[in-house]
Amino acid sequence: MVDLHLYAAFLVAAFALCLTPGPDMMFIVAMGGRGGPAAGVMAAFGVACAMFVHAVAAALGLSALFTTLPTLYHVLRWVGAAYLLYLAYRAFREPALPVGEAGTDAGAGRRRAFWQGAVTNLLNPKVILFNVAFLPQFVDPGLGHVPGQFMVLGVTIVVMGFAVDGSIGLLSGKLSALLRRSRRVARGLNIFSGTVFTGLAVRLAASPR
């Protein structure tokens, strides 16, 4: 279904992209720092699921709507920035509790981290445009099954991205769990997370493309 030479080139390019620090990686580090290892991994899983949605949209040709409907792009951009600012507000307001005192419903915290990761990625139109620009370079229309080729590439980068981001979320969360034994450090980590979310919101709002 895919050209093996193109697929090999895609693997190299995708792996390099996954290792390059970007907004998703910074978001996952902040989530791990704020909520611990489970939150970091679940945030990475949420981002991965959102990336799969983007891959399906690219396979169906839906992502191209953002190049023909600029208003839709800008609406999504501002909604995404507003959501990140909401997360920043929550992080700044969160009590500085050491690990073990942050609440008893760990399952709810993991679900919240998952949905925050997913929603943040889904509301970032730059990810959609990335799929429009990046994936077609490794699709060979002469082989046919173009949507299938898109899906193979999309699933590959989703799995690869989760492997990298999940590891980073786990490591940042473990470091956070050690540091959060001090209330002062716990407060600092909350401020760090809020600052990261604010920076991502400003970056998204200030860059029209």
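Residues numbered from 1 in each chain as written. Predicted model: local features only at pLDDT ≥ 70, side-chain atom pairs only at ≥ 80, totals over all residues. Heavy atoms only, no water.

## With respect to a nonpolar patch on the surface
A contiguous nonpolar surface patch, about 450 Å² in accessible area, is contributed by Leu60, Leu62, Leu65, Leu69 and Leu72. Take Leu65: its relative accessible area is 39%, and that puts it in the partly exposed class. (Patch = residues over 30% accessible without salt bridge, like charges linked within 9 Å, V, L, I, M, F, W, Y side chains within 5 Å. Areas by Shrake-Rupley, 256 points an atom, 1.4 Å probe, with all protein chains shown as cover. Salt bridge = Lys/Arg side-chain N within 4 Å of Asp/Glu carboxyl O. Buried < 20%, exposed > 50% of the residue type's maximum accessible area, 1.4 Å probe, protein only.)

## A look at the confidence of the model for the protein
Of the residues in the protein, 93% have a pLDDT of 70 or more, and the chain-wide mean is 85. No element of the protein has a lower mean pLDDT than helix H4 (residues 65-68), at 72, and none a higher one than helix H3 (residues 37-59), at 92. Note on residues 100-104: pLDDT under 50 across the span, and two contacts to partners over four residues away in sequence or across chains. (pLDDT = per-residue confidence, 0-100. Helix = DSSP H or I, 4+ residues; strand = E, 2+ residues; numbered from the N terminus. Contact = heavy atoms within 4.5 Å.)

## Comments concerning the nonpolar core
In summary, soluble globular proteins display a tendency toward joint burial of nonpolar side chains. Ranked by internal contacts, the top residues of the largest apolar core, which has 31 residues, are Phe27, Met31, Phe66, Leu84 and Phe197. Among the secondary structure elements, those contributing two or more residues to this core are helix H2 (23-35), H3, helix H5 (70-93), helix H7 (125-134) and helix H9 (183-206). When residues in this core are grouped by element, the largest group, eight residues, is from H5. Listed in part, the 15 residues of the second largest apolar core include Met25, Leu135, Phe138 and Val139. (Core = buried A, V, L, I, M, F, W, Y, C linked by side-chain atoms within 4.5 Å.)

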